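# Observations on the three-dimensional arrangement
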Amino acid sequence: MAREEQELKAPQAESAPAPSWWDERLDWRRFKAKYLRKAFPVHPAFFLGEIALFSFVILVLTGILLALTYEPSAQLVELEGNQVPAAYASVVENDGTPLGLFVRQVHHWAAHVMIAAAILHLLRIFFTGLYKKPREINWLVGLLLLVLAVFASFSGYLLPFDAFSVTATGIGYHIARSVPWIGPQLADFIFAGRFPAPGTIPRFYAYHVILIPLLIMGLITLHLWILLKQHHSQAPSARIYVGNRKILGVPLWPHQALLMTVLFLVLLGILFAVAGLFPVHPVAYYGPPEPATPVVKPDWYWLWLYGALKLVPTWFDFEAFGTTINPENLGGVLLPLLLVTLLVLLPFVDRSREPVHFLEPSSAHPIRTALGIGTLTFLLMLMFAAYNEELSLSLEVLRVGVLLVPLLTGAVTYWSLRGRHAKVSLPGRENPLEPTQSQDLTQIIDKSE
Amino acid sequence: MTKKGKSMSTGDKPRKPNTGEQRRFSRRALVQWVLGVGAAFAMGAMSIAALSIRPTKRNAKQQEPVAAGDRLVFVIGANKGQPIRRDSIPVNEAVLAFPEGKDGNPDNLILLCHLDPVSLAPPTILAWTAEGLVAYSAICTHLGCTASTLQRMEGTDFPQLLCPCHSGVFDPQSGAIVKAGPPPRPLPQLPIQIDNQGELIAAGWFEEPPGVVPKGELRRWREKNKN
């Protein structure tokens with residue numbers, strides 16, 4: 001092998017620079033040629049996954065700082081004359097150190113940004129049809145990453161062990177208990193006994209700082225490796241310039257790397273500004289956990305489930321197949337499970353025979369777009385239900401609305417896109433964004449070449 | 001460029017068998033099979049360690065359920081841990097109470113309501129009340145938050161017991177029945193008495209299991225305790 005390479009390289013030897021210290025040891029030049037020249041298409045929507053990734057990096061870095069002072073224990077200790085759990089005391093003390101509160105707020109805000117970016121990333125993939133062949137595996141990996149990110153947030157929520165987080169996690173415990181058949185055993189396993197048990201904090205600490213981050217890191221590696229292996233998807237217009245096989249974009253080094261660095265620094269700057277200006281989860285203000293329950297509303301990405309819990313009528317409570325189906329497990333367990341199941345099944349239901357490498361325009365797929373818009377409206381209506389008192393909407397109106405409005409928006413989307421679809425494909429006018437005619441288009445380009 | 005490994009692996013090439021008979025089980029397949037079985041057993045053996053992941057249990061005494069004779073003490077506020085007397089609760093208000101020394105069991109959290117004795121009506125068990133004082137489990141039957149009079153909901157009758165998590169409202173004058181919101185059943189009542197020192201004590205356990213109980217479990221409990 002080595003001899004073969006020398007022979008191949010021999011004619012270039014004069015023009016190419018002498019191998020560097022690194023080349024001689026790690027064959028760095030070959031690595032550079034193979035990976036650092038990889039083309040990355042540039043589009044604002046392609047940065048969503050990167051924002052999620054960078055948020056995760058910031059979460060790990062700030063999380064390490066927080067773990068240095070956090071004490072994972074519910075043992076009562078004295079803080080300013082009161083007996084409070086050690087976990088709560090350690091967070092209050094951390095908030096009192098220089099930049100301690102700031103680091104915790106950056107951590108909290110970065111978690112929100114990561115979940116938001118991951119959800120938008122998922123929507124981008126959904127509405128452009130890129131879950132189809134050959135990207136089914138990466139779609140599933142991405143879904144798992146989103147679910148893990150949500151569980152990471154949930155487990156992190158408890159750790160300050162203040163009145164707010166204990167109440168919120170307590171509701172989570174009772175929802176876990178309502179899981180059909182295995183609920184009580186499952187809940188007691190996850191929460192280390194009846195919440196709040198002495199073992200809950202150590203267990204949640206392990207989930208939050210070891211188990212879930214390791215899984216997320218492994219899956220991100222897999223996600224990116226598959227991305228490199230399969231090449232990046234790109235805008236349909238790129239086909240006009242580079243044809244079907246090549247990628248129109250900037251090389252990883254230095255252009256894409258520069259873009260990524262700028263993005264990372266901008267994200268870090270925004271997080272710093274937001275964390276400095278807007279307080280989030282003021283632990284000392286909420287106070288240590290008490291038997292009296294404070295008024296709690298869940299974070300925005302749980303609001304749809306919170307709304308669903310409100311909307312399912314109380315009489316919907318029956319026994320079947322040896323388990324109880326009630327509003328709690330319908331709204332809190334079965335509904336999210338249904339949504340995740342549908343997303344898992346999506347690439348195996350909406351399939352493509354040929355590999356899809358170009359973003360499919362939403363307008364060309366009215367059914368998919370209508371289903372997506374309808375589902376989003378459904379989730380939005382559930383969020384309205386979560387704030388029904390503040391918005392002074394009665395639950396009866398919302399119950400009708402949550403079923404009708406999504407159907408309506410879905411139908412309007414479908415009919416408007418169907419109309420548009422008919423207009424752009426008038427005979428005699430080729431639309432370069434129209435995938436159904438891509439075969440013809442490719443041929444045109446091939447001829448011109 | 002060809003891959004390095006390919007030319008070296010002679011095992012893939014079809015070889016002429018020594019005897020006329022074709023080997024059904026190659027050496028390679030055997031090795032892979034043995035490795036697979038070994039790995040499976042190793043994983044299985046390690047999974048036994050999962051049995052050690054069990055809930056921690058401490059302070060068994062603190063977790064005992066409330067029983068007859070338990071003195072009721074304040075849970076929050078300046079008098080935390082002090083015994084509760086009739087006159088320490090304002091009329092139409094409720095305070096949170098624990099049976100003394102048993103605050104390790106969240107199901108023991110009790111709401112002591114001070115109401116006009118005339119206003120009390122069934123399904124409140126009147127024999128279980130004492131001079132207008134009536135006690136209910138404070139654990140909301142919906143998802144286990146704490147109901148209390150600390151917050152109020154606009155546009156509803158008072159006195160009321162409100163669970164702020166999902167706006168469940170209970171009526172303390174008539175057996176803590178659900179007036180609004182998602183709770184599936186009333187808060188179970190606790191029998192109470194005033195002892196000769198004027199302090200409140202529990203006179204037994206709740207009329208029904210307190211807290212979040214699935215419908216099937218509750219039905220079985222009712223059937224068992226009816227007989």
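Above this text sits the structure in question.
Just so we're clear, the structure is a prediction, and the values are computed from it rather than from any experiment. (Residues numbered from 1 in each chain as written. Chains lettered and ligands numbered in written order. Predicted model: local features only at pLDDT ≥ 70, side-chain atom pairs only at ≥ 80, totals over all residues. Heavy atoms only, no water.)

With that settled, consider the overall build of chain B. Along the backbone of chain B there are 3 helices and 10 strands. Across the 227 residues in chain B, those meeting the buried criterion constitute 38%. Expressed as a percentage of contacts within chain B between residues at least 6 apart in sequence, the contacts between residues at least 24 apart total 53%. About 13500 Å² of surface is accessible on chain B, with carbon and sulfur atoms providing 55% of the total. (Helix = DSSP H or I, 4+ residues; strand = E, 2+ residues; numbered from the N terminus. Buried < 20%, exposed > 50% of the residue type's maximum accessible area, 1.4 Å probe, protein only. Contact = heavy atoms within 4.5 Å. Areas by Shrake-Rupley, 256 points an atom, 1.4 Å probe, with all protein chains shown as cover.)

What follows deals with the pattern of salt bridges. All names here are of chain A. Scanning the entire structure with this criterion turns up 19 salt bridges over all chains. Ionic pairing is found between E390 and K297, a salt bridge with its closest N-O pair at 3.5 Å. In this pair, E390 is assigned in the loop between α16 (366-386) and α17 (395-424) and K297 in the loop between α13 (283-286) and α14 (303-311), connecting sequence segments 93 residues apart. Each of K132, D350, E360 and R368 takes part in salt bridges that share partners, so that together they form one network. (Salt bridge = Lys/Arg side-chain N within 4 Å of Asp/Glu carboxyl O.)

Attention now moves to the side chain of N138 of chain A. Residue and element names in this part refer to chain A. Topologically, N138 is positioned in helix α7 (residues 136-158). Relative accessible area serves as the criterion here: at 11%, N138 is assigned to the buried category. With sequence-adjacent residues up to four places away left out, N138 is seen in contact with L222, H223, I226 and L227.

Another aspect to go through is the interface of chain B and chain A. Every contact between the two is made by 34 residues of chain B and, on the other side, 33 residues of chain A. Summed over both sides, the interface between chain B and chain A buries roughly 2900 Å², with carbon and sulfur atoms accounting for 60% of that surface. Counting across the chain B and chain A interface gives 2 salt bridges. As a salt-bridge pair, D107 of chain B and R194 of chain A come within 2.8 Å of each other at their nearest N and O atoms. (Buried area = accessible area lost by both parts, 1.4 Å probe.)

Let's shift gears to the pairing of strand β3 (residues 110-114) of chain B. Residues and elements named next belong to chain B. Counting buried positions along β3 yields 5 of 5 residues, so the element is predominantly enclosed. Of the two faces of β3, the one carrying I110, L112 and H114 and the one carrying L111 and C113 are both buried. Where strand β2 (residues 93-99) lies against β3, 5 bridges are found, and the strand directions are antiparallel. Bridging from a neighbouring strand, A94 pairs with C113 of β3. Relative to strand β4 (residues 133-137), β3 runs antiparallel, the two sharing 5 bridges. Paired with L112 across the bridge in β4 is A135. (Pairing = 2+ DSSP bridges.)

Residues and elements named next belong to chain A. At their nearest, the axes of α7 and helix α15 (residues 327-349) sit 10 Å apart, and the two run at 175° to each other. Judged on the interaxial angle alone, α15 and α7 are roughly antiparallel. Here E136, W139, L140 and L143 of α7 lie close against α15, whose contacting residues are L343, V344, L346, P347 and F348. Of the residues belonging to the contact of α7 with α15, the class tally is 8 nonpolar, no polar and 1 charged. (Axes fitted to C-alpha atoms, helices over the stretch in contact; angles between N-to-C directions. Parallel < 35°, antiparallel > 145°, perpendicular 65-115°, else oblique. Nonpolar A, V, L, I, M, F, W, Y, C, P; charged D, E, K, R; others polar.)

Moving on to the pairing of strand β7 (residues 177-180) of chain B. All names here are of chain B. Relative to β7, strand β6 (residues 168-171) runs antiparallel, the two being bridged by 3 bridges. Within β7, the residue paired with D171 across the bridge is I177. Taking the residues that link successive antiparallel strands as the turn, the β6-β7 hairpin has 5 residues, and the phi of G175 there is positive, at about 65°.

On to the sheet that holds strand β8 (residues 189-190) of chain B, then. If you walk across this open sheet you meet the 5 strands as β1-β2-β3-β4-β8 (chain B), and the pairing is antiparallel. On the outer flanks of this sheet lie β1 (72-74) and β8 of chain B, each paired with one strand and no other.

The next thing to look at is the sheet that holds strand β5 (residues 161-163) of chain B. All names here are of chain B. Reading across from one edge, β5-β6-β7 is the order of the 3 strands in this open sheet, with antiparallel pairing throughout. What marks the edges here is a single partner per strand, and that holds for β5 and β7. Strand-to-strand, the axes of this sheet are offset by a mean angle of 35°, without reference to chain direction. In terms of strand pairing, β5 meets β6 through 3 bridges, oriented antiparallel. Bridge pairing links C163 to G168 in β6.

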